[in-house]
Structures are given as C-alpha cells and as structure tokens.
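Chain and residue survey
Spelled out from the first residue to the last, the chains are:
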Amino acid sequence: MYLIRNFTLSALLIAGLASCEPDQTNPNNLPSAGTYSSLPATLQAFAAPVQLLNVNADSGGRYQLARGTQLIIPQGAFRNLNGDTTHGTVQITFAEYLDRSEMIYSNILTDNVDTNETISINANSAGAFYIQAAQNGFGINIRPEVGVGVYLPQRNLIAANQPGISLAGYYGVKNDKPIGIVDWTPSSRPNLTYSVAFDTVAYGFDTLGYHQAAQPFNFFGGTDTVRFSVGGANGITEQNSFVYLLPKGMRSVIDMGSAPRLRNRFFMVQNLVDVHLVSVAVVNGRFYGGITSTKLENRKSYSVNLQETDPAAFKTAILNLP
C-alpha cells in the first residue's frame, strides 16, 4: 500500500486566483478541478491522513485516533533492534482505513482479482490500519510477549450486533506493483476477540505494518457468470483507470483491475448479490468517476458510466453508499 505515494504537488493545486477570463480548463466549474498528474497521485491527495503520536513507552496509555479507532499501548510494549526494552518517548505513525472510500483513495483494499499473484482477502473488513514506531529516528519493534491493541469502531461491519460472528486477523505487505496493492496473509498470532456490547472489535497484534480484522466472505466462485465494462471517457488505459466492486452493506472493496482489462472478461459470482460498481480515472489531466448500483444476475453485463467530477465530492459519494 502506499501510505505515501510520490506525486507532484503543483499538479494538484487548484487555480484559485481571480480572473476576468472564463476558466477554459474547468468547463464544468468543478471546485477541485485541475490538471492531475496521474490517478494514483490524485487519489492519494484525498487519502486518509497519517497521524503522528508521541507515546511514553514506560507508562503506555490509550489514545483516541481521529476516525474513532483507539490505540492501546501497555507499559514497556517496545524494544529496540538490540532487543532491549525501549524507555522514554516513542513516535507512532498511524493511519485508519475504516470506510470503503478511505480504502479506495488510500489503496488499502480487501481483495484483488486482477493479478495472478498473491490474492488478498475476500472478506468483510472490520477495519484496516497501518502502524510504525520509532525513537530518535530509529525504528523499534513491539515486544511480542507484551503486544499492542486497537479497538475498531463498527460503523459498517455487516451483522455487527449479532453474536457469534467469525473474524480473523490479517497482516499486510505492500507489493512492488505501480499502484502498490497490499497483499494480506493470515496473522500468525491473531489474538482476536469481538465485543458485542460495545459494537467494537478488539484486535491484538505484535508486529508493525498493515493490519486488518475481517469476516471471511465468499463473493466469487459462484455459479453465475457476469461481465463488466466502463464507458463515458475517451482515452482510458490500464495506467489511468481503476474499477472496484463493493458488495452492498459490507466494508469490502474488491479490485477488479483497470477498465480496458474488463473487456471480454467473465466473472463467476454468487447468485443475485447486490453490489456497487465504482470506477475512477484520470484522462488528459481530468478526474472522472462513476457508480452503478445493481443486483448481479446470471449472464448479464453491467456498465459504469464515467463523468468528470470533483475527487473530494466523489469520495463522499462512495462514503455514503449503503
């Protein structure tokens, strides 16, 4: 994943100076319209922010993050690279990916069907996050015998208030693809519990990096065959377009690949599943987005129509999808 992608800031700036001449570069008068260098850079400009915390390693504590996650650090939870317990102030880098809009714009997805390599998790996420720790500029680790925990708020988790929900812990590593998908693997020490009373997932871990708690969900591998396509913008290529499938009512984002690669591709899915198809693209420096909400039926084709839009407004539209 990609917490920080390289992009040209000047390419994302909006021309805000008053002018007597009509703005020929923004014919639709979009508030965030401008010349965007690439689709990954454009999404990252509106991605979930990285949060920095100063933590007392000796006393530990509970820390409330901006989007509702709580970070729980026990006393003496860190060690340096020599294996000695860390004392004093520790700098924590933390990012939350609790909504599908954040997952898309930050490229922290729950599944990826467009590669022949490691498949991510086909699952309903209870929340993903990223964490790193350092002291005086040097990386440190979590003491495995102590561990660290988070409380993940459950705004979108399906059946959040039903007992007996089955969740698993996953550890993620960013691969070397140009868009930097995170490949997820089952955590070797999940230490995962679910609190129905407080509508919260308590997730314990002892490694830094990307983490996720998720409920397995078998969306693909069904008996129905469907096709997808994208239209509405000329010049779409494999480098400037992404397509995602979001099962309704779930915190799940499945990467379907680029718009051109959907041509002549068939997908085996579960019968009559309600989904949102989301597509984004940057063509000739302009941002395009499209959403199609439908129920998938056997042997039918579904298209997403792209329209030039404001990246921030489109992120909100994804956030508000049921």
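In this report, the structure presented in the accompanying data block is examined. (Residues numbered from 1 in each chain as written. Predicted model: local features only at pLDDT ≥ 70, side-chain atom pairs only at ≥ 80, totals over all residues. Heavy atoms only, no water.)

1. Examining the overall build of the chain
The condition is simple: Numbering of helices and strands runs from the N terminus; a helix is a DSSP stretch of H or I covering at least four residues, while a strand is a stretch of E covering at least two. Per-residue accessibility, obtained with a 1.4 Å probe over protein chains only, is compared with the maximum for each type, and a residue is labelled buried under 20%, exposed over 50%, and partly exposed between these values. Contact criterion: two residues are considered in contact whenever any of their non-hydrogen atoms come within 4.5 Å of each other. Here the accessible surface of atoms and residues is derived via Shrake-Rupley with a 1.4 Å probe, and residues count as covered only by protein chains that are part of the display.
Check the secondary structure of the chain and you find three helices and 23 strands. Burial statistics for the chain: of 322 residues in total, 52% are counted as buried. Partitioning the contacts of the chain with sequence separation of at least 6, the portion at a separation of at least 24 is 73%. Surface exposure of the chain reaches about 14800 Å², of which carbon and sulfur atoms provide 50%.

2. Thoughts on the nonpolar core
Rule in force here: Only buried Ala, Val, Leu, Ile, Met, Phe, Trp, Tyr and Cys residues count toward a nonpolar core, and they belong to the same one when joined by side-chain atoms within 4.5 Å.
The biggest cluster of nonpolar side chains holds 31 residues, and the ones touching the most others in it are Tyr-97, Tyr-244 and Phe-287. Not counting the four nearest positions on each side in its chain, Tyr-244 is found in contact with Leu-43, Ile-104, Leu-109, Val-253, Ile-254, Asp-255, Met-256, His-276, Leu-277, Val-278 and Val-280. Ranked by size, the runner-up nonpolar core spans 28 residues in total, among them Val-55, Leu-98, Val-150 and Leu-208.

3. Describing the packing of aromatic side chains
Put simply, the rule reads: In this analysis, rings of Phe, Tyr and Trp, with Trp reduced to its six-membered ring, are considered paired at centre separations within 6.5 Å, and the interplanar angle assigns stacked below 30 degrees, edge-to-face beyond 60, and tilted for intermediate values.
Throughout the structure, instances matching the rule amount to nine aromatic pairs. Centre to centre, the rings of Phe-287 and Phe-314 are 6.2 Å apart; their planes meet at 65°, and the pair counts as edge-to-face. With Phe-287 in strand S21 (residues 286–295) and Phe-314 in helix H3 (residues 311–319), the pair connects residues that are 27 residues apart, well separated along the chain. Just as Phe-287 is buried, Phe-314 falls in that class too.

4. Details of the environment of Glu-238
Residue placement: Glu-238 occurs in the loop between strand S16 (220–231) and strand S17 (241–247). Glu-238 gets classed as partly exposed once you look at its relative accessible area, which sits at 43%. As for Glu-238 and Ser-258, which are separated by 20 residues in sequence, their C-alpha atoms are 5.1 Å apart. The residues contacting Glu-238, other than those within four sequence positions of it, are Ser-258, Pro-260 and Arg-261.

5. Remarks on the side chain of Glu-96
So the rule is basically this: His residues and chain termini do not enter the charge count, which takes Lys and Arg as positive and Asp and Glu as negative. Counted as salt bridges are all cases of a side-chain nitrogen of Lys or Arg within 4 Å of a carboxyl oxygen of Asp or Glu. Under the rule applied, a polar contact is a pair of N or O atoms within 3.5 Å (in protein, one hydrogen donor and one hydrogen acceptor; residues adjacent in sequence only if both atoms are side-chain atoms).
Mapping Glu-96 onto the fold places it in strand S5 (residues 89–97). Within the buried set, Glu-96 has no salt-bridge partner at all; the shortest N-O distance to an opposite charge, 5.9 Å, is to Arg-67. Among the polar contacts made by the side chain of Glu-96, one reaches the side chain of Thr-69 at a distance of 2.8 Å. Among all residues touching Glu-96, those that are not within four sequence positions of it are Ala-48, Gln-51, Leu-65, Ala-66, Arg-67, Gly-68, Thr-69, Glu-102 and Ala-128.

6. Focus on the pairing of strand S22 (residues 301–305)
Quick reminder of the rule: Paired strands, as defined in this entry, are two strands with at least two bridges between them according to DSSP.
Burial along S22 is one-sided: the residues Tyr-302 and Val-304 are buried and none of Ser-301, Ser-303 and Asn-305 is. Judged from the five bridges that link them, S16 and S22 form a sheet pairing that is parallel. Residue pairing across strands places Val-230 opposite Val-304, the latter belonging to S22.

7. Notes on the sheet that holds S16
This is how it is decided: Lines fitted to the C-alpha atoms define the axes, with helices restricted to the stretch that makes contact. Angles between their N-to-C directions range from 0 to 180 degrees.
Strand order in the open sheet formed by three strands is S19-S16-S22, with mixed pairing between adjacent strands. Two strands in the sheet have a free side with no partner beyond their single neighbour: strand S19 (267–269) and S22. For this sheet, the mean inter-axis angle between neighbouring strands, taken without regard to orientation, is 45°. Relative to S19, S16 runs antiparallel, the two sharing four bridges. If you follow Thr-225 over to S19, its bridge partner there is Met-268.

Purely geometric numbers; function is a separate question.
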